[in-house]
Amino acid sequence: MTVHHELPTSADFATLAGPHLPAITIYASTSPVVNERERAEVAVKSAFDHAIDQVKLGGAAASELDALRRERDGVLGDLALWGGLSRSLAIFVAPGFTEVFVLPNRLDDAWHVGSHFTLGQLLRAPSQDQEAFALTLSSNEWALWHATPAARAARLETDPTHPANLEAATNREPGENSPRGGQHGDRGEVGDERGKKLLDIYAKRIADATRHELAAIDPDSHVPMFVFAAEPLLSAFLDRARNHRRVVGVPGSPDRLGSSEIDAALREQLAKLNVAEASQALGVLAEGTAGRVERDLAAIARLAADGAVETLWFDFTTSVNGTLDRSSGAVEFAGANGDGDALADGTPAGDLLAQLALLVIAKGGKVVTVRGEDLGEGWNEPAVAELRFALA
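Conventions and cut-offs
- Residues numbered from 1 in each chain as written.
- Predicted model: local features only at pLDDT ≥ 70, side-chain atom pairs only at ≥ 80, totals over all residues.
- Heavy atoms only, no water.
- Core = buried A, V, L, I, M, F, W, Y, C linked by side-chain atoms within 4.5 Å.
- Buried < 20%, exposed > 50% of the residue type's maximum accessible area, 1.4 Å probe, protein only.
- Helix = DSSP H or I, 4+ residues; strand = E, 2+ residues; numbered from the N terminus.
- Contact = heavy atoms within 4.5 Å.
- 1 Å grid on protein atoms, 1.4 Å probe; cavity = no way out; pocket = protein on both sides within 12 Å on 5 of 7 lines; lining within 4 Å.
- Points joined across faces, edges and corners; volume = space filled by probe spheres on them.
- Nonpolar A, V, L, I, M, F, W, Y, C, P; charged D, E, K, R; others polar.
- Pairing = 2+ DSSP bridges.
- Axes fitted to C-alpha atoms, helices over the stretch in contact; angles between N-to-C directions.
- Salt bridge = Lys/Arg side-chain N within 4 Å of Asp/Glu carboxyl O.
- Parallel < 35°, antiparallel > 145°, perpendicular 65-115°, else oblique.
- Left-handed = near helix turned anticlockwise from the far one by under 90°.
- Phe/Tyr/Trp six-rings, centres within 6.5 Å; stacked < 30°, edge-to-face > 60°.

Enquirer: How should the nonpolar core be read in this particular structure?
Expert: One broad rule of soluble globular proteins: the nonpolar side chains tend to lie buried together. The biggest cluster of nonpolar side chains holds 41 residues, and the ones touching the most others in it are Phe92, Leu119, Leu122, Val309, Leu312 and Phe314. Considering each element in turn, this core owes the most residues, 8 residues, to helix H11 (residues 352-362). The contact partners of Leu119, leaving out residues within four places of it in the chain, are Phe13, Leu16, Tyr27, Phe92, Ala354 and Leu358.

Enquirer: Would you take a moment to explain empty space enclosed by the protein for this structure?
Expert: Picture a little ball the size of a water molecule; that probe, rolled over the atoms, points out where space is still empty. The tally for this structure, following the rule as stated, stands at 2 cavities of 30 Å³ or more. A volume near 80 Å³ is recorded for the largest cavity. Taken together, His112, Gly114, Ser115, His116, Phe117, Thr118, Ser319, Asn321, Asp341, Ala349, Gly350 and Asp351 make up the full set of residues lining the largest cavity. Elements with a minimum of two residues in the lining of the largest cavity: strand E5 (110-114) and strand E15 (350-351). Its boundaries defined by the atoms lining it, the second largest cavity holds a volume of some 30 Å³. Surrounding the second largest cavity, Leu297, Leu324, Val331, Leu352 and Leu356 form its lining. When the residues that make up the lining of the second largest cavity are grouped by side-chain class, the tally is 5 nonpolar, no polar and no charged.

Enquirer: When you look at the sheet that holds E15 in this model, what are you seeing that I'm missing?
Expert: Strand pairing in a sheet is mediated by backbone hydrogen bonds. Such pairs are either parallel or antiparallel. Strand order across the open sheet formed by 3 strands is E14-E13-E15, with antiparallel pairing between neighbours. Two strands in the sheet have a free side with no partner beyond their single neighbour: strand E14 (331-333) and E15. Across the sheet, H11 is in contact with strand E13 (321-324), E14 and E15; its angle to E13 comes to roughly 30°.

Enquirer: Teacher, can you tell me more about the environment of Asp192 here?
Expert: Examined against the element boundaries, Asp192 turns out to sit in the loop between helix H6 (166-169) and helix H7 (193-217). On the basis of relative accessible area, Asp192 is assigned to the partly exposed category, the value being 40%. A C-alpha to C-alpha distance of 29 Å links Asp192 and Arg211, two positions 19 residues apart in sequence.

Enquirer: Is there a simple way to explain the pattern of salt bridges in this structure?
Expert: Once the charged atoms of two side chains with opposite charge are near each other, the side chains can pair. All told, the structure shown has 18 salt bridges when counted by the stated rule. The partner of Asp263 in a salt bridge is Arg87, with the nearest N and O atoms 3.0 Å apart. Of this pair, Asp263 sits in helix H9 (residues 259-286) while Arg87 sits in the loop between helix H4 (79-82) and strand E3 (88-94); the two residues are 176 residues apart in sequence, bridging distant segments of the chain. Take Asp263: its relative accessible area is 2%, and that puts it in the buried class. Here the residues in one salt-bridge network are Lys45, Asp49, Arg72 and Asp73, joined through shared partners.

Enquirer: Sorry if this is basic, but what is going on with unusual backbone geometry here?
Expert: Glycine aside, residues mostly have negative phi angles, and peptide bonds mostly take the trans form. A cis amide bond links Leu21 to the next residue, Pro22, at an omega of -15°. Cis geometry marks the peptide bond from Glu231 to Pro232, where omega comes out at 5°. Here Pro232 lies in the loop between strand E9 (225-229) and helix H8 (233-241). Here Ser221, not a glycine, exhibits a phi torsion of approximately 55°, which is positive. By the element assignment, Ser221 lies in the loop between H7 and E9. For Ser221, a relative accessible area of 24% puts it in the partly exposed group.

Enquirer: How do you make sense of the packing of helix H10 (residues 297-305) against H11 when you look at a structure like this?
Expert: Between two packed helices, both the angle of their axes relative to each other and the distance between the axes serve to describe the pair. Axis separation between H10 and H11 bottoms out at 9 Å; the angle between their running directions is 25°. Between H10 and H11, the angle is such that the two are roughly parallel. For the crossing formed where H10 meets H11, the hand is left-handed. Every residue of H11 that contacts H10 at Leu297, Ile300, Ala301, Ala304 and Ala305 is listed here: Leu353, Leu356, Leu359 and Val360. A per-class count over the contact of H10 with H11 returns 9 nonpolar, no polar and no charged.

Enquirer: Whenever I open this one, the environment of Ala229 confuses me. Can you help?
Expert: Note on placement: Ala229 falls in strand E9. Residue Ala229 is classed as buried on the basis of its relative accessible area of 0%. Each C-alpha atom of the pair Ala229 and Gly249 lies 7.5 Å from the other, and the pair is 20 residues apart in sequence. In this view, Ala229 contacts Leu137, Leu234, Val250, Pro251, Gly252 and Pro254; residues no more than four positions away in its chain are not counted.

Enquirer: How do you make sense of the packing of aromatic side chains when you look at a structure like this?
Expert: The description of an aromatic ring pair uses the distance of the two centres, along with the angle that the planes make with each other. Within this structure, the stated rule accounts for 4 aromatic pairs. Aromatic side chains Tyr27 and Phe92 sit 6.0 Å apart centroid to centroid with 85° between the ring planes, which places their arrangement in the edge-to-face category. Linking Tyr27 in strand E2 (residues 23-29) with Phe92 in strand E3, this pair joins segments that are 65 residues apart in sequence. Among the residues examined, Tyr27 registers a relative accessible area of 4% and is labelled buried. According to the relative accessible area criterion, Phe92 is buried, its value standing at 0%. Ring geometry for Phe92 and Phe101: centres 6.1 Å apart, planes at 75°, overall edge-to-face. Each member of the pair, Phe92 as well as Phe101, is classed as buried. In this structure an aromatic cluster arises from ring pairing among Tyr27, Phe92, Phe97, Phe101 and Phe117.

Now the structure itself:
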C-alpha cells in the first residue's frame, strides 16, 4: 500500500489510469479532529464491504475476493494513515494494488466498482487552489497563517519590528482613545473621528506588514489570502490590500480562533472561492468569441489530442464511459449511451471525462473540475472546453 500526503501528480494518475480488474474506488470525507475519526473509519469500512459484495455478485473467484479483503484490512489497520487525516481520503484498490491519497479538500462520500478507477473527484485536488494564507486581525493582535495542500494552517514567524497591535501601531499609551471592541473584536462602534483615524492607521500598517511578509513566500501573489476580522477594521484593511493579491474578507472576531478552526475555515473559504472563480470564468466564456468554445465530447477529444484545448471544465458528478485513443483523440462510447461498463465488443470502458482531462493536462492545458450546478444555466453538456484559438 502506498499512502500519499501530497497532491496527485501526472505520474500518480498514469499509475491509476487503465484497466484494473476489478477496480474499487472509495472517496470519504474525513477530519483531522481525533474524535471524528471513527465516523470516517466506519464509512470507509462500509464502502469496502459494499464494493466487495458487488465484486462477489459479479462472479469473482474466492482468491480474488480474499486479495481484496487483504487490501481492505491493510487500509483499515494502518494506524499512521488514520492518525494523519486531513479533509478527505481517496482510496484505489485492486487485487495486490492499493493507493491512498490524504487530501486537504472536501470530497463527496462515494464508492464505485468497475474495470477502471473513478478519478473525477481525485482530479479536483490538483485542479483547484489548495493553498492559502490567513490573516487574523483585531485591535489586540494580528497573525499570519499558511495552509498548504500537505499541511494544516500554521502560524508564520514575522518580523518582530512590525507593530504588535493597534496601540503599538498608533503609538498610543494603553487605554488612550481606544476604539471600542476589546475582547469581542472591533464591532464598528468607533465613537469619534479620532478612533476611526486610529483604525485606519493600524489597517495601513498591517497591510504594509503582510505585503512585506508574503512577498518573501509568494512573490507572484498567486496564493489567496483570507482576512478574519470584525468591522470596521475588516473593511479598513481590505481597502488597502485588495490591489496586491486575491484577498477575501471573513467577518467576525478572530481572537479565540485556534489553528484547527483557522484551517477548517480556510478550507471552506477556498472551496467557495474555487466555485466562484470557475462560475465567473464560465460566464465570461459564454459571452466570449464565437468559435472558442466546444461542448461535444468527441470534438473536444480530437482537439485535445492536437493540443488545442486551453482549459477543460468538466462535471465530476457525471460519468460517461468509453475509451479514448490518446494519439488521435478518437472516442468510442460504452453501451447505453456511455452508461455501460464496456464497449459493444466487450472491451472494458472507463470514465471518459477523466481520461480526457488527463490528456488535456499532458498537452499543456488546464483542467477545472466542477459540479453540474457550478456550470450555470446554458451549460447542458458534461464538459466545456475553451480552445487556444477560434475555429473557422
